[in-house]
Amino acid sequence: MTEFFDGIAALAYEGPESNSELCYRHYNPDEVVLGKRMEDHLRFAVAWWHSFAWEGGDPFGGQTFERPWHPQDDMGRAKMKADVAFEMFEKLGVPFYCWHDADIRPEQGNYAGNLRTLEEITDYMAEKQESAKVRCLWGTANMFSHRRWMAGASTNPDPEVFAYAAATVKGCLDATMKLGGENYVLWGGREGYETLLNTDMGMELDHMGRFLSMVVDYKHKIGFKGTILVEPKPQEPSKHQYDYDAATCIGFLRKYGLENEVKLNLEQGHAILAGHSFEHEIAVAAAEGMLGSIDMNRNDYQSGWDTDQFPNNVPEVALAYYHILKAGGLGTGGTNFDAKLRRQSIDPIDLLAGHAGGMDVCARGLKAAATMIEDGGLEQALTERYAGWKTPQAQEMLGSDLASLQKRVLDEGIEPEPRSGRQERLENYVNRFV
Ligand code: XUL
Ligand code: CO
């Protein structure tokens, strides 16, 4: 045991009336929602990078968090960081965690050294997992922070960086498999451009497609059973990122023949940056059978950048889970808190409070979504709105052609009668549940 969370007990479900500062008011893992335990619907994960690796810097100032595992350049302290992480997972009672290589191992400045420290720390984590209940939801490679990645990883104009990226993902996939990871994620923060003046976009996209195919081939070669996921984000850190949003990723996956191999990890804040809502992104992926997992957080609507805050808007989250439930749930995916404390929240208890609040918001959202599904009002409205398409004549029309349809309109004197979209009534309906 470390002393980091000294004096703080494990969180318990105490119900909505509880006055405790640190407890669950809505997240009750064993509560059955639509025939399944809440924990199994939500599959919460803690993100190693925000909770343990990020030191509190912003563009105007450096570190605000002073943790006993700083500076993060030593294996002994990396293990202490892992000890604290596993203690936090246990205190929160979360079933999963997620990591980048750079979050968990001390940086050695060269590939062989980084692989060695990654293997050592993941052996240590695997050992800890044996006695802990928590498991790895996904691993990923940080191919955006170090200066070697500044012009991209798989899309880098320098083929040596492409090779380095391939070697890095191989090491991370091996480590994810060792930890029993249920997915592997690729987020391409530098896979895009700063200026088109120096960018051959067609070549870069082909390289990115080829790279992803190599990842899929390797997954099969080693018998990794997890799902490969790509995570859309339109920009930041690059001015433009190729994995702009769900629709763009789906087009990309289809172009390179990967649509049956790769799914999407969708993030609330990234959806907002792309000018969408979270439920839009989920609905797009679900319509294509490519919904994989979610990164849960929220952005500050005033600042216009990716603030990665813990979610606190139940109606927003409820609509996201509504579409997830409609799509059949998260499968091997989960709800990863890609969320960080504000840089003034320097106390260990803040880390627990951020997650507990986010988990309660998600639990409320899930329950509201489940009630809407059970009530069936939105589904009923959809059925009514599209009822015309149920007729054999309407279905036949889809196999018809413009000239025959023109003839039909003229012969039958068709003049469509506009009908209300009932948006306000549907919004009022949703507000009864959230
Ligand atoms: C960055 C982001 C990443 C990915 C994993 O905005 O979301 O943390 O989730 O690389
Ligand atoms: Co993310």
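In what follows, the accompanying structure is described.

Definitions and limits used
- Residues numbered from 1 in each chain as written.
- Chains lettered and ligands numbered in written order.
- Predicted model: local features only at pLDDT ≥ 70, side-chain atom pairs only at ≥ 80, totals over all residues.
- Heavy atoms only, no water.
- Donors = N, O, S within 2.8 Å, 3.2 Å for Na, K, Ca; no water.
- Tetrahedral: all angles 85-135°; square planar, octahedral: opposite > 155°, others 65-115°.
- Helix = DSSP H or I, 4+ residues; strand = E, 2+ residues; numbered from the N terminus.
- Buried < 20%, exposed > 50% of the residue type's maximum accessible area, 1.4 Å probe, protein only.
- Pairing = 2+ DSSP bridges.
- Axes fitted to C-alpha atoms, helices over the stretch in contact; angles between N-to-C directions.
- Contact = heavy atoms within 4.5 Å.
- Polar contact = N/O pair within 3.5 Å; in protein donor to acceptor, adjacent residues only side chain to side chain.
- 1 Å grid on protein atoms, 1.4 Å probe; cavity = no way out; pocket = protein on both sides within 12 Å on 5 of 7 lines; lining within 4 Å.
- Points joined across faces, edges and corners; volume = space filled by probe spheres on them.
- Nonpolar A, V, L, I, M, F, W, Y, C, P; charged D, E, K, R; others polar.
- Near = heavy atom within 4 Å.
- Areas by Shrake-Rupley, 256 points an atom, 1.4 Å probe, with all protein chains shown as cover.
- Sits in = over half its atoms within 2 Å of the grid points.
- Core = buried A, V, L, I, M, F, W, Y, C linked by side-chain atoms within 4.5 Å.

For the rest of this paragraph, the subject is the coordination of the cobalt ion (ligand 2). All of the protein donors around the cobalt ion (ligand 2) are Glu-231 (OE), Glu-267 (OE), Asp-295 (OD) and Asp-338 (OD); their distances to the metal are 1.9 to 2.1 Å. Here the cobalt ion (ligand 2) binds six donor atoms, and the angle range of 82 to 170° at the metal identifies the geometry as octahedral. Mapped onto the sequence, the donors of the cobalt ion (ligand 2) take the spacing E-x35-E-x27-D-x42-D. Of this pair, Asp-295 sits in strand E11 (residues 291-296) while Asp-338 sits in the loop between strand E12 (335-337) and helix H12 (348-375); the two residues are 43 residues apart in sequence, bridging distant segments of the chain. Its relative accessible area of 0% is what places Asp-295 among the buried residues.

Moving on: the sheet that holds E12. Spatially, the eight strands close up into a barrel ordered E3-E4-E5-E6-E8-E10-E11-E12, and their pairing is parallel. Here the strands of the sheet are splayed against their neighbours by 30° on average, with no regard to which way each runs. Packed on one face of the sheet, helix H5 (residues 111-131) meets strand E4 (96-100) and strand E5 (135-140) and runs near 175° to E4. Packing against the sheet, helix H6 (residues 159-178) makes contact with E4, E5 and strand E6 (183-186), and its axis sits at approximately 155° to E6.

Right, let's get into the side chain of Glu-182. By secondary structure assignment, the location of Glu-182 is in the loop between H6 and E6. By relative accessible area, Glu-182 is classed as buried at 18%. A polar side-chain atom of Glu-182 sits 3.2 Å from a polar atom in the side chain of Arg-135. Non-local contacts of Glu-182, meaning those with residues more than four positions away in its chain, are made with Arg-43, Phe-96, Arg-135, Cys-136, Leu-137, Gly-226, Thr-227 and Thr-332.

It is the rolling of a water-molecule-sized probe over the atoms that shows where space remains empty. For the structure shown, the criterion picks out four cavities of 30 Å³ or more. Looking at the largest cavity, its volume works out to about 200 Å³. Here the lining of the largest cavity is built from residues that sort into 13 nonpolar, three polar and two charged.

The subject of this paragraph is the site of ligand 1. Taken together, the neighbourhood of ligand 1 is formed by Trp-49, His-100, Trp-138, Trp-187, Glu-231, Lys-233, Glu-267, His-270, Asp-295, Asp-306 and Asp-338. With respect to ligand 1, the side chain of His-270 contributes an N or O atom lying 2.9 Å from an oxygen atom. One of the side-chain N or O atoms of Asp-306 is found 3.2 Å from an oxygen atom in ligand 1. Calculation on ligand 1 without its partners gives an accessible area of 290 Å², and the protein chains cover 94% of this total. With respect to the pocket detection grid, ligand 1 is positioned in the largest pocket. Tallied by class, residues from the shell around ligand 1 come to three nonpolar, two polar and six charged.

This part covers the nonpolar core. Ranked by internal contacts, the top residues of the largest apolar core, which has 105 residues, are Trp-48, Phe-89, Tyr-97, Trp-99, Met-125, Leu-264 and Tyr-321. The dominant element in this core, judged by the number of residues it contributes, is H12, at 11 residues.

Turning next to the layout of surface pockets. Of the volumes computed, that of the largest pocket is approximately 1,300 Å³. Trp-49, His-50, Trp-54, Phe-144 and Ser-145 are the residues nearest the centre of the largest pocket, which is lined by 50 residues in total. Considered class by class, the residues forming the lining of the largest pocket number 18 nonpolar, 13 polar and 19 charged. By volume, the second largest pocket is sized at about 650 Å³.

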